[in-house]
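# Secondary and tertiary structure notes
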Number of protein chains: 2
Amino acid sequence: MAAPTWQQGKTGIAEDMKKSKSDKSHSRKGQSHVGARYAVGLDYGTNSVRALVVNVANGEEVGTAVCNYPSGSEGILLDPRDHNLARQSPLDYVKGLQQVVVDALKQARHLAGVTPDQIVGLGVDTTGSTPIPVDDQNRPMCLRPEFKKNLNAYAWLWKDHTAYREAAAITEAAKKNRPQYLAKCGGVYSSEWYWSKVLHCLNVDPVLFDAAYAWIEMEDYIPAVLCGVEHPEAVVRGVCAAGHKAMYNPRWGGMPDAEFLSSLHPKLARVRERIAAPAAAIDHQAGRLTAGWAAKLGLKPGIPVAVGAFDAHLGAVGSGIKTGTLVKIVGTSTCDIMAAKTSVPDITGVCGIVEGSVLPGYFGIEAGQSAVGDIFRWFVKFICQGNDRLQVKLTEEARALKPGASGLMALDWNNGNRTILVDPQLTGLLVGMTLHTSRVEIYRALLEATAFGALTIINRIEEYGIPIERVVCCGGISEKNDLFMQIYADVLNRPMYISRSAQTCALGAAIAGALAAGAHPSIESAIEAMTGVKKKVYRPIPGHVAVYRELYVVYKTLHDAFGVSGAVPVTRVMKELLKIKAKVLGI
Amino acid sequence: MAAPTWQQGKTGIAEDMKKSKSDKSHSRKGQSHVGARYAVGLDYGTNSVRALVVNVANGEEVGTAVCNYPSGSEGILLDPRDHNLARQSPLDYVKGLQQVVVDALKQARHLAGVTPDQIVGLGVDTTGSTPIPVDDQNRPMCLRPEFKKNLNAYAWLWKDHTAYREAAAITEAAKKNRPQYLAKCGGVYSSEWYWSKVLHCLNVDPVLFDAAYAWIEMEDYIPAVLCGVEHPEAVVRGVCAAGHKAMYNPRWGGMPDAEFLSSLHPKLARVRERIAAPAAAIDHQAGRLTAGWAAKLGLKPGIPVAVGAFDAHLGAVGSGIKTGTLVKIVGTSTCDIMAAKTSVPDITGVCGIVEGSVLPGYFGIEAGQSAVGDIFRWFVKFICQGNDRLQVKLTEEARALKPGASGLMALDWNNGNRTILVDPQLTGLLVGMTLHTSRVEIYRALLEATAFGALTIINRIEEYGIPIERVVCCGGISEKNDLFMQIYADVLNRPMYISRSAQTCALGAAIAGALAAGAHPSIESAIEAMTGVKKKVYRPIPGHVAVYRELYVVYKTLHDAFGVSGAVPVTRVMKELLKIKAKVLGI
């Protein structure tokens, strides 16, 4: 690993604030900062950590800073012999944290005169499932000299896929003996999730497994560090990671039972014992900031630190989630988040339904598409061999095309299908090419395909009695690509809103911090006060809606033919090609 | 129309001869030319006409010249309001003829000392079905001042698709009342063919139709001009065009019967009367060269001119067709030609089976793929926005990929499917893309898709009891793209040969000329003496054959699902997309 050399990203807050001021929807901007209270949101993404200082009264963002993780390739530790492996250094997390908080506070002081005593709470979101093996003092195993060179001793990043065999074994076992476990996570347990990864370590590296005391999710590890929790069993765990990734559910007494885990491996039940306490929602405190960390960060000691949650979930909070609203965190992939006040039935193909995972007192629903921005980038970069400028040009030209005029249809499965098919082994498809088909037409067909994929998720959720009235998007694509937004409005036949904040995950984390500090009586009032949408709303164009309704029938026909197991002979096609590929490449 | 300004193409004969000399398989090269006899082959392609002077004893090519047609866009008269329309000026044909023969003879004299009295015969091939409306003196209607501006009075080029409604009507009527007519042409009558075009003219331009005396195929028109035939009913018609494109068959007394034609339009039977004489194979004479043409061309008056045939059919002759050999004329599309000594059953989906159409005394079988080179060019030019250099680079890189390693599969239907589905409304498909799929992988998948399409044709013909032992290719792609050839060898699991001549169509025409002149006792001996294959043979690589065998199952699954009407719901997908496209664009 290279020595940490922090590269500070652009903060962009000054520009953001300028933009915010011109956006009338954020009407409370410009008022006095004297006596105002602020919360800090810490947002750990895949490649960087960001801090955001937010006015708890109105959501005004007055300081931000971002740091890229210095280790490995863009912050990720890779193994050239195994493309499934993706690990991170917990040291990167901790060092980055100090830098971004200090810098964000400096900016908040400069721009709004914010002083440390005005910061009342702190919240954290992270990627996940990203479990970290720790010792009995809650220290990552990679800090021990004997494991320093062992990648299994580091954080197992969400996108690590080394545990695909274990995932299949867990799915098999649960199907047979604990179908209720699977019902809550869409029917398939993923290689990206907690138990798959822990079991994989147990299978391939029993020495490390035996040496580790517990496995702590990153979303729980960071708050525990800030609060000085020195024993893994004292770590307050968030229900977000536990419920969505570790089959935690109060209905069956929390974590999966010991008998089930032992059936997978005799030693696996031991892991359960160390994380057996009930998991909490984000309105709970993970603890209070230690004097040591307060000094390092320039904050008051003892301020509350909220229970952690996943980035997408707090992104939904920062986007103003409420009943009837679906929040789409649109990036390389999407996370689709909802919160329902009443009990939600098991929805086939939807990744997770967890009580309290998004909002305390609500059932959190998580769905998503495995690739969205990634598909556009793949086409522009790999096929057209272009850059961002070309993407802008293609978008410009694709805007002039009429829906349905290309005769093309794509399936948005270049990275598999997360919801509703829960099948990472599916692949992309494009049909309808003639000798005149242009790359602009293909680019637009790919945009449309992701919109049809999004509609399929919405339809599935609504089929189970949960109406979706409006869609709020956040993430770069939704802010930058108006064609994307209009196509979605037309395909989904719903108004499409964009979250006012450009840092919704960090804003959500700050809201959790505000809530943990008691700055708001309820999550609803915190969201009402601190979030909003941009003035620009994309509304369906009736003529387009009609064409896309016809095109969706075609999409769904392909979707079911290629995606629904055993439907017709072509269902085997994608798997068969992957099988031949694996054989040919000897993998 | 622009005034004719002849652009002479590269002849390339000197280089070809150098190449031929180094090719040991063409062993009789270098012998004395004194006293040798030669035939001239005239090859009318879509954009140009070529003449070739060939030694009848050994096929040595001693002179060639090519001229592009000067009118319209690359020789084609277009209508900007109707992209289906494609016409040509018969004047271009006649003027070009003079130029190329004179130039080719000049070269033959220069390179081999050939004198006019050494030229014993002349043969002609043309595109088709390319019917020309003529008056009662066999003059194209476009030569009359009143029709000079009427595109219907010109030659209706093979790729003119204005008659698609008439084609459907003819297919319908034949299905109902004359199924035997359809059985010989693959079950569907095409908009590119004779009766569709004549009927379309009758429907849209009755004035011209009434003014015209007859409709003569280009393959019959050119020999008639050279032989001074001044009445349409005296034109000797080739069985190639008549049998493959005009439902001619001695079994039902020649052309389709008057009752059937009258059911399509009362006036259509009249057309039949003017072309009612039996059609002939290429061993027959169309007549003898007039003194006038002999003077213009620098040839002896009275030398025999062979009955004309289509370019692909004489290309097969020039490639050395014989029992058990399939000749592939590989270009933008392919024509697949076979000749069988014994009676051939009706083969579902094979475009045409006509006695005497390729070789006298054999059943000619014509099949083909609607797009081959066109698909590669589409991908390179439209999607990658590259030129020939990029195609060379992609070929180079694709060579390094292992069969099956990309996980991709394509359907080669960007221009519909001619054989075996006979459905121009099918479109392209690509499946298996991931976020890592490269354009080289897609390029290779497209090469492979055309090979799988070729295998489907071969399998269909063999299913009907006609074994195919070897495949001989001609055309630029087969000479230039060794990866293409190797993939075909591996997919077809047969040795792939390349025709020795680079001008196989013109060589075939010269062979017809030699035969008409009695220079050989039989077509077999003429082919034996005058044709050959290159030394380089592509042989199947067993490891590749095994992988492609598995991949072909996948191709065939997609082929049947999307192409065989009513098989599964996805069969509707391509048509549905085209329907939506037509509606959206108002076409």
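Just so we're clear, the structure is a prediction, and the values are computed from it rather than from any experiment.

What follows covers unusual backbone geometry. The omega angle of the peptide bond from G128(A) to S129(A) is 0°, so this bond is cis rather than trans. The topology assignment puts S129(A) in the loop between strand 7 (119-126) and strand 8 (131-134). T419(A) connects to I420(A) through a cis peptide bond whose omega is 10°. Of note, E74(B) is a non-glycine position whose phi angle comes to about 55°, a positive value. Tracing the sequence through the fold places E74(B) in the loop between strand 4 (61-68) and strand 5 (77-79). You can call E74(B) exposed: its relative accessible area is 62%.

Using the criterion set out here, one finds 31 aromatic pairs over all chains in the structure. Taking 5.2 Å as the distance between ring centres and 85° as the angle between the ring planes, the aromatic pair formed by Y189(A) and W193(A) counts as edge-to-face. Relative accessible area serves as the criterion here: at 2%, Y189(A) is assigned to the buried category. Between the aromatic rings of Y44(B) and Y93(B), the centroid separation amounts to 5.8 Å while the plane-to-plane angle is 80°, which identifies the pairing as edge-to-face. In this pair, Y44(B) is assigned in strand 2 (residues 38-44) and Y93(B) in helix 2 (residues 90-112), connecting sequence segments 49 residues apart. Through pairs of rings, three or more aromatic residues link up here, namely F376(A), Y443(A), F484(A) and Y488(A). The ring of W156(A) is capped by R87(A), whose NZ or CZ atom sits 3.5 Å from the centre of that ring. Cation over ring: K536(B) sits above Y538(B), and NZ or CZ is 4.7 Å from the ring centre.

Right, let's talk about the sheet that holds strand 18 (residues 409-411) of chain A for a bit. With respect to topology, four strands assemble into an open sheet ordered 18(A)-19(A)-19(B)-18(B), the strand pairing being antiparallel. Taken across any chain shown, the strands that pair with only one partner, and hence form the sheet edges, are strand 18 of chain A together with strand 18 (409-411) of chain B. Taken pair by pair, the neighbouring strands of this sheet meet at an average axis angle of 10°, ignoring direction. Where strand 19 (residues 428-433) of chain A and strand 19 (residues 428-433) of chain B come together, five bridges link them in antiparallel fashion. Paired with G428(A) across the bridge in strand 19 of chain B is M433(B).

Moving on, we come to the packing of helix 21 (residues 571-585) of chain A against helix 20 (residues 542-563) of chain B. As a packed pair, helix 21 of chain A and helix 20 of chain B sit with axes 10 Å apart at the nearest point and diverge in direction by 170°. When the axis of helix 21 of chain A is compared with that of helix 20 of chain B, the two are roughly antiparallel. Residues V573(A), E576(A), L577(A), I580(A), K583(A) and V584(A) of helix 21 of chain A pack against V547(B), E550(B), L551(B), V554(B), T557(B) and L558(B) of helix 20 of chain B. Here the contact of helix 21 of chain A with helix 20 of chain B is built from residues that sort into eight nonpolar, one polar and three charged.

At an RMSD of 0.1 Å, chain B and chain A line up after a rotation of 180° and a shift of 0.0 Å along the axis. Expressed as an axis order, the relation between the two copies is that of a two-fold axis. Mapped onto chain A, 100% of the interface residues of chain B are again interface residues, and the two copies thus contact each other with one and the same surface.

Here we come to the pairing of strand 17 (residues 363-369) of chain A. Residues and elements named next belong to chain A. Taken across its seven residues, strand 17 has seven buried, putting it largely inside the fold. Taking every second residue as pointing to the same face, both faces of strand 17 are buried, with F363, I365, A367 and Q369 on one and G364, E366 and G368 on the other. Note that strand 15 (residues 334-340) and strand 17 share seven bridges and pair antiparallel. When the sheet's bridge partners are listed, A339 is paired in strand 17 with G364. Bridge count for strand 16 (residues 352-355) against strand 17 is four bridges, and the pairing is antiparallel. Following the sheet pairing, G352 is matched in strand 17 by E366.

With 53 residues of chain B at the contact, the number on the chain A side is 53 residues. Summed over both partners, the interface of chain B with chain A comes to about 4,500 Å²; 70% of that surface belongs to carbon and sulfur atoms. Counting across the interface, chain B meets chain A through two salt bridges. The partner of E550(A) in a salt bridge is K583(B), and the shortest N-O contact between them spans 2.6 Å. One can count 17 residue pairs in polar contact (both at pLDDT 80 or more) joining chain B with chain A. Contributing elements (two or more residues each) for the side of chain B that touches chain A: helix 13 (373-383), strand 19, helix 15 (439-463), helix 20 and helix 21 (571-585) of chain B. Per-element tally for the side of chain B that touches chain A: the top contributor is helix 21 of chain B, with nine residues. Its residues assigned to classes, the side of chain B that touches chain A shows 32 nonpolar, 14 polar and seven charged.

Residues and elements named next belong to chain B. A sheet is described by the order of its strands in space; here three strands give the open sequence 5-6-9, paired in antiparallel fashion. Two strands lie at the open edges of the sheet, namely strand 5 and strand 9 (155-156), each paired on one side alone. Here two bridges tie strand 5 to strand 6 (residues 82-88), and the two strands are oriented antiparallel to one another. In the strand pairing of strand 6, D79 is matched with D82.

A separate point is the side chain of D423(B). Residue and element names in this part refer to chain B. Within the secondary structure, D423 is located in the loop between strand 18 and strand 19. You can call D423 buried: its relative accessible area is 13%. Within the local environment of D423, its side chain forms a polar contact with the backbone nitrogen of Q425, the two atoms lying 2.9 Å apart.

Attention now moves to the domain arrangement of chain A. Segmenting chain A into domains produces domain 1 (28-312 + 504-535) and domain 2 (373-460 + 544-585). Of note, the centres of domain 1 of chain A and domain 2 of chain A, computed from C-alpha atoms alone, are 33 Å apart.

The rules behind each value
- Residues numbered from 1 in each chain as written.
- Chains lettered and ligands numbered in written order.
- Predicted model: local features only at pLDDT ≥ 70, side-chain atom pairs only at ≥ 80, totals over all residues.
- Heavy atoms only, no water.
- Helix = DSSP H or I, 4+ residues; strand = E, 2+ residues; numbered from the N terminus.
- Buried < 20%, exposed > 50% of the residue type's maximum accessible area, 1.4 Å probe, protein only.
- Phe/Tyr/Trp six-rings, centres within 6.5 Å; stacked < 30°, edge-to-face > 60°.
- Lys NZ or Arg CZ within 6 Å of the ring centre and 35° of its normal.
- Pairing = 2+ DSSP bridges.
- Axes fitted to C-alpha atoms, helices over the stretch in contact; angles between N-to-C directions.
- Parallel < 35°, antiparallel > 145°, perpendicular 65-115°, else oblique.
- Contact = heavy atoms within 4.5 Å.
- Nonpolar A, V, L, I, M, F, W, Y, C, P; charged D, E, K, R; others polar.
- Least-squares fit on C-alpha atoms with pLDDT ≥ 70 in both.
- Buried area = accessible area lost by both parts, 1.4 Å probe.
- Salt bridge = Lys/Arg side-chain N within 4 Å of Asp/Glu carboxyl O.
- Polar contact = N/O pair within 3.5 Å; in protein donor to acceptor, adjacent residues only side chain to side chain.
- Domains from an automatic or database assignment.

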